[in-house]
Amino acid sequence: MTSGADMGTDVLVKAEVALRLERQLDAAQQITHIGSWEWDLDTGAVTWSDELYRIYGLAPRSCAITLEEFLARVHRDDRERVQRQVTAAVERGGPFGHTERIVRPDGSVRKLDTVGEVLLDAHGRPVLLIGTCRDITDDPREFARRVQAGEQRALEMLATGAPLPDVLAELVRLVEEMAPEAIASILLMDDTGTRIQHCTAPSLPDAYNQAIHGCVIGSQAGSCGTAAFRRKPVFVTDIEIDPLWEPYRDLARSCGLRACWSFPILATDGHALGTVAVYYRQPRTADPTVVDLLSRVAHVAALAIERRKIDERALALSERTEMIREDERTHIARELHDQLGQSLAVLKLEISLLAQRLAGDSVMIRKLDEMNQTADGIIHSVARISTGLRPAVLDILGLEAAISWQSQEFAQQTGIACELRARLDNVKLDTSLATAVFRIFQEALTNVIRHSKASRVTVDLGFEGSVVVLKVADDGVGLPPSRFRGHSLGLLGMGERARRLGGECVVSQREPTGTLVSLRVPLRQDEGSEQITSLHVVG
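Residues numbered from 1 in each chain as written. Predicted model: local features only at pLDDT ≥ 70, side-chain atom pairs only at ≥ 80, totals over all residues. Heavy atoms only, no water.

**Structural notes on the overall build of the protein**
From N to C terminus, the protein includes 16 helices and 16 strands. A total of 539 residues make up the protein; the buried ones form 40% of that total. A separation threshold of at least 6 residues defines the contact pool for the protein, and within that pool the share at least 24 residues apart is 57%. (Helix = DSSP H or I, 4+ residues; strand = E, 2+ residues; numbered from the N terminus. Buried < 20%, exposed > 50% of the residue type's maximum accessible area, 1.4 Å probe, protein only. Contact = heavy atoms within 4.5 Å.)

Next comes the structure, spelled out in structure tokens:
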């Protein structure tokens, strides 16, 4: 029989063991930066371990925790997603996991990896959620994964044709996300290779960005100007005392900047394309982790800049090739019209004169009539070929008249009704722009003939602000599946012509049936043409 004293001793021993285990668990959580939690679904009570309080930047057990209190501390960009995932876990039951960012009372952001499980009662009803949160903000593997994901986002933007400033802005966001106290900036070299120009630095004051825009690089030109000049990284720990910042010290002081580390963005041949830099508001020695991040970002930025330069050169070459091709078409059309057309006209005149001299020879008269008809056919063919190569109406009367003429020709040849609404106000457009719009229009009509089975086409031509807009819509069968049109030379050609002019050509499904070709290109007028006094929205 156990005495009361023995029972009391057992309780004390068990209490000591439980307390020791609790201390060991707390120590283990502190070492691993893992906090644990429970959520009672019946009472709504939430229990956090001491380490979880610390992870959230709070003193252990300093405040009561509720679901609302927890969600309030989740980063606003993650809050809805986390709430949705927790609700789905309760409904589904079993284990679950997700990552979320939290905001501590001091404003710092931490990233947590949450793993949990929904426990059910005997009736299969969810009653308790238990789990752990691990602070992975400073985990080297997590850091590397997030950097790699950011680089991948920027490269995907590059591959899909995003503007270069947008790609570089994504890299700046990556730097500021991975180094929260840093203020990131990317500058680009000008065409002379002697000055740096502001590209993207959303967290720097506008006055600072404007002041350094166009600064000359050199051996004492701040961190970025010097890095671009040396083509080597420059690490300034304290702007107030570093001689490199002598010309810009007052500017930096007025903006509260005290440290700046800059990496040159180098091309494959070694010349500087720009710089990527981080600023701090207090003196700071170079952090190896941030230095490595800047090095990687500079490499991706170099890829993006060189890729866009290649794209620009290819676009310029394509435009030059098209100009040469169009000039050749114009030359051949004029040669056919002027030389061959005149020769055929002379031939018809000579046939007529010969017919007069041989008026009494019926056999020869018939032969001469046949020759005359053949000459008429050749003249008609020459005119048709010449017009197809380069319609004279485009050069003489302009784009609106050429579109109107082509619409009438299309309707007569195909029997497909073609309605035109044109409002260019007789503005004389730049020759290359007018030619490109006209060729895209011709290709759109060609596609209607080949593929649409349409009975009606509507054409809108006009302005939207300072943009020339052309819309060609048909009531046909619509677009084929994407796998069959991805390599259409006609669609590719229309898009390429538009891009050369800084515009866009989109081919889309039209509701309820048919296809819509929508072209938008920035307005360019011929030199010496009258200014536009009124622009109409087409539609």
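**Observations concerning the packing of helix H5 (residues 140-159) against helix H6 (residues 164-178)**
For any two helices packed against each other, one specifies the crossing angle of their axes together with the interaxial distance. As a packed pair, H5 and H6 sit with axes 9 Å apart at the nearest point and diverge in direction by 170°. Relative to H6, the element H5 is oriented roughly antiparallel. When H5 is examined against H6, the residues Phe143, Arg146, Val147, Gly150, Glu151, Arg153, Ala154, Met157 and Leu158 are found in contact with a partner set consisting of Asp166, Val167, Glu170, Leu171, Leu174, Glu177 and Met178. Tallied by class, residues from the contact of H5 with H6 come to nine nonpolar, one polar and six charged. (Axes fitted to C-alpha atoms, helices over the stretch in contact; angles between N-to-C directions. Parallel < 35°, antiparallel > 145°, perpendicular 65-115°, else oblique. Nonpolar A, V, L, I, M, F, W, Y, C, P; charged D, E, K, R; others polar.)

**Structural notes on the packing of helix H13 (residues 399-414) against helix H14 (residues 431-452)**
The contact between H13 and H14 brings their axes to 10 Å, and the two run at 15°. Judged by the inter-axis angle, H13 sits roughly parallel to H14. Every pair of crossing elements has a handedness; the one defined by H13 and H14 is right-handed. Across from Leu399, Ala402, Ile403, Trp405, Gln406, Ser407, Phe410 and Thr414 in H13, the residues of H14 making contact are Ala434, Val437, Phe438, Phe441, Gln442, Leu445, Val448 and Ile449. Considered class by class, the residues forming the contact of H13 with H14 number twelve nonpolar, four polar and no charged. (Left-handed = near helix turned anticlockwise from the far one by under 90°.)

**Details of the nonpolar core**
In this structure, Ile186 and Ile265 are the most contacted members of the largest nonpolar core, which totals 39 residues. Listed by contribution, the elements that provide at least two residues to this core are H5, H6, strand S6 (183-189), strand S10 (259-266), strand S11 (272-280) and helix H10 (288-357). If you tally residues by element for this core, the top one is H10, at eleven residues. Once residues within four sequence positions are removed from consideration, isoleucine 186 is found in contact with Leu168, Leu171, Val172, His198, Cys199, Thr200, Ile265, Thr275 and Val276. Listed in part, the 34 residues of the second largest apolar core include Ile403, Ala434, Leu445 and Val517. (Core = buried A, V, L, I, M, F, W, Y, C linked by side-chain atoms within 4.5 Å.)

**Concerning the pattern of salt bridges**
One pass over the structure, following the stated rule, counts 24 salt bridges. The residue arginine 296 makes a salt bridge to glutamate 151 at a minimum N-O spacing of 2.8 Å. Here arginine 296 is found in helix H10, whereas its partner glutamate 151 is found in helix H5, with 145 residues between them in sequence. By relative accessible area, which is 28% here, arginine 296 ends up partly exposed. For glutamate 151, a relative accessible area of 12% gives the class buried. Across the pair arginine 520 and glutamate 464 runs a salt bridge whose closest N-O atoms are separated by 2.5 Å. One end of the pair, arginine 520, is in strand S16 (residues 515-522); the other, glutamate 464, is in strand S13 (residues 456-464), with 56 residues separating them in the sequence. (Salt bridge = Lys/Arg side-chain N within 4 Å of Asp/Glu carboxyl O.)

**Examining the pairing of strand S15 (residues 504-509)**
Sheet topology places S15 next to S16; six bridges connect them, and they run antiparallel. Considered in S16, the bridge of serine 508 is made with leucine 516. Counted along the chain from S15 to the antiparallel partner S16, the turn is five residues long, and its residue glycine 514 has a positive phi close to 105°. (Pairing = 2+ DSSP bridges.)

**Concerning the confidence of the model for the protein**
Mean pLDDT for the protein: 82, with 85% of residues reaching 70 or above. Segment residues 483-487 is flagged for pLDDT under 50; beyond a separation of four residues in sequence, or across chains, it makes five contacts in the model. Across residues 527-539, where pLDDT falls below 50, the model places 25 contacts with residues more than four positions away in sequence or in other chains. (pLDDT = per-residue confidence, 0-100.)

**What about the sheet that holds strand S12 (residues 417-422)?**
Strands sit in the order S12-S13-S14-S16-S15 across an open sheet of five strands; the sheet is mixed. What marks the edges here is a single partner per strand, and that holds for S12 and S15. Pairs of neighbouring strands in the sheet enclose a mean axial angle of 10°, with direction left out of account. In this structure, strand S14 (residues 467-474) lies alongside S16, joined through seven bridges in antiparallel fashion. Note that in S16 the partner of leucine 470 across the bridge is leucine 519. Strand contacts of H13: S12 and S13, with the helix running at about 170° to S12, the strand carrying the most contacts. Against the sheet, H14 engages S13, S14, S15 and S16, with an angle of about 10° to S14.

**Looking at unusual backbone geometry**
Residues other than glycine predominantly adopt negative phi, and peptide bonds predominantly adopt the trans conformation. In this structure, the amide linkage connecting glutamate 511 to the following residue, proline 512, adopts the cis form with an omega of 0°. Positive phi is not limited to glycine here, since arginine 61 has a value of about 60°. Inspection of the secondary structure puts arginine 61 in the loop between helix H2 (50-55) and helix H3 (67-73). Although it is not a glycine, arginine 231 adopts a positive phi angle of roughly 60°. By secondary structure assignment, the location of arginine 231 is in the loop between helix H8 (222-230) and strand S9 (234-236).

**Some points on the side chain of arginine 146**
Mapping arginine 146 onto the fold places it in helix H5. Looking at arginine 146, its side chain comes within polar contact range of the side chain of glutamate 177, at 3.4 Å. (Polar contact = N/O pair within 3.5 Å; in protein donor to acceptor, adjacent residues only side chain to side chain.)

**Description of the packing of aromatic side chains**
When we look at a pair of aromatic rings, we describe it by the centre distance and by the angle of the planes. Scanning the entire structure with this criterion turns up eight aromatic pairs. Taking the centre distance of 4.4 Å and the plane angle of 35° together, the rings of tryptophan 48 and tyrosine 56 count as tilted. Residue classification places tryptophan 48 among the buried positions, given a relative accessible area of 9%. Plain terms: the ring middles of phenylalanine 235 and phenylalanine 263 are 6.1 Å apart, the flat faces sit at 75° to each other, and that makes the pair edge-to-face. Here phenylalanine 263 lies in strand S10 and phenylalanine 235 lies in strand S9, a separation of 28 residues in the sequence. (Phe/Tyr/Trp six-rings, centres within 6.5 Å; stacked < 30°, edge-to-face > 60°.)

**Regarding the pairing of strand S4 (residues 109-120)**
Examined bridge by bridge, strand S3 (residues 94-103) and S4 share ten bridges and lie antiparallel to one another. Bridge assignment links proline 95 to a residue of S4, and that residue is glutamate 117. Where S3 folds back on S4, the antiparallel hairpin that results is connected by five residues, among which glycine 107 adopts a positive phi of roughly 90°. Direction of pairing for S4 relative to strand S5 (residues 126-135): antiparallel, over a ladder of nine bridges. Within S5, the position partnered with leucine 119 by the bridge is leucine 128. If you look at the hairpin formed by S4 and S5, you'll find five residues sitting between the two strands, and glycine 124 has a positive phi there, around 80°.

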